[in-house]
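Here's the letter readout for the chains.
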Amino acid sequence: MLNSIIKKPGKLSAIALGSNIGDSYKILTAAIETLANTPGMKLEAQSSWYRTKAVGPPQPDYLNGCAIFRVQMSPDLLLETLLATEAKFGRVRQQRWGARSLDLDLLLYDDLIIDTPQLQIPHPRMVTRAFVLVPLVEIAPHWVEPTSGSMIKDIVKQVDCADVVLCQK
Ligand SMILES: Nc1ncnc2c1ncn2[C@@H]1O[C@H](COP(=O)(O)OP(=O)(O)OP(=O)(O)O)[C@@H](O)[C@H]1O
Ligand SMILES: Nc1nc2c(c(=O)[nH]1)N=C(CO)CN2
């Protein structure tokens, strides 16, 4: 009873994960574990994994998913943590939207809107990306994307999800 009244500390943040180089399943599951073991981050929910056609230059299909963390760190520090985790898993920045071993995008942070050169929240391309919205709607259908005021379950209806296929493990 008391537990449900006391507000849990921290803010909820949604993270998108993707990989199309190496053993993507292994990389993505290890990345989630790394983030979940980071001080100030607690894993609250994790989507299924989806095989998706690459958006951008020609490259192999991706494995994509999303996770929700309760975070006790600023958005800037969370971005730093994500970039450091990408580097730990061998991410090399070459071509824009090119193939990568691990991509971690900060999609949503509570109901914040941030628009600086280093960090935009909500992630500006999330609302057009089926490879983000399909996993995200599984775990956060009622989360309101604050720039549009629409729920994820309604935004996903506006994109073509044909190239996003649920993976059976
Ligand atoms: N919400 C965000 N999540 C992740 N990175 C962001 C965000 N907003 C701004 N950035 C900045 O974008 C930079 C480039 O990110 P990255 O190389 O992963 O882009 P990308 O994955 O190729 O393309 P896209 O941004 O379209 O997903 C990062 O170094 C970071 O500073
Ligand atoms: N299917 C798919 N395509 C992409 C992805 C991704 O994660 N999945 N990430 C990109 C850059 O963030 C560019 N294109």
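Residues numbered from 1 in each chain as written. Chains lettered and ligands numbered in written order. Predicted model: local features only at pLDDT ≥ 70, side-chain atom pairs only at ≥ 80, totals over all residues. Heavy atoms only, no water.

Further remarks concern the overall build of the protein chain. Secondary structure summary: the protein chain contains five helices and ten strands in total. Here the C-alpha radius of gyration of the protein chain, 16 Å, is about what a compact globule of 169 residues would show, namely 15 Å. With respect to the three principal axes, the spread of C-alpha positions in the protein chain is 50 × 35 × 35 Å. Counting only residues that meet the buried cut, the protein chain has 46% of its 169 residues in that class. Contacts in the protein chain between residues at least 24 apart in sequence constitute 68% of all its contacts with a sequence separation of at least 6. (Helix = DSSP H or I, 4+ residues; strand = E, 2+ residues; numbered from the N terminus. Rg over C-alpha atoms; globule rule 2.2 N^0.38 Å. Buried < 20%, exposed > 50% of the residue type's maximum accessible area, 1.4 Å probe, protein only. Contact = heavy atoms within 4.5 Å.)

Glancing now at the site of ligand 1. Every one of the 15 residues lining ligand 1 counts as a neighbour, but Trp97, Leu106, Gln120, Arg125 and Arg129 are closest to it. Taking Gln118, its main chain carries an N or O atom lying 3.0 Å from an oxygen atom of ligand 1. One of the side-chain nitrogen or oxygen atoms of Arg129 is found 2.7 Å away from an oxygen atom of ligand 1. Secondary-structure elements contributing two or more residues to the shell around ligand 1 are helix H3 (75–88) and strand E5 (103–109). For the shell around ligand 1, a count of residues per class yields five nonpolar, three polar and seven charged. (Near = heavy atom within 4 Å. Polar contact = N/O pair within 3.5 Å; in protein donor to acceptor, adjacent residues only side chain to side chain. Nonpolar A, V, L, I, M, F, W, Y, C, P; charged D, E, K, R; others polar.)

A word on the UniProt feature "domain: 7,8-dihydro-6-hydroxymethylpterin-pyrophosphokinase" (unreviewed entry) in the protein chain. Here, the residues flagged by UniProt with the feature "domain: 7,8-dihydro-6-hydroxymethylpterin-pyrophosphokinase" (unreviewed entry) are residues 96–107. Along residues 96–107 one finds 0% helix and 42% strand; the C-alpha atoms at either end are 18 Å apart. (UniProt positions renumbered as here; feature names shortened; annotations may be inferred.)

Further remarks concern the nonpolar core. Judged by nonpolar contacts, the single largest core of 25 residues is most densely connected at Leu17, Leu78 and Leu106. Residue assignment for this core shows that the elements contributing at least two residues are strand E1 (11–19), helix H2 (24–36), strand E4 (62–71), H3 and E5. Residue contributions to this core peak at five residues, all from H2. In contact with Leu78, not counting residues within four places along its chain, are Ser13, Ile15, Met41, Val71, Met73, Leu106 and Tyr109. In this structure, Ala16, Leu133, Val134 and Trp143 belong to the second largest nonpolar core, which totals 22 residues. (Core = buried A, V, L, I, M, F, W, Y, C linked by side-chain atoms within 4.5 Å.)

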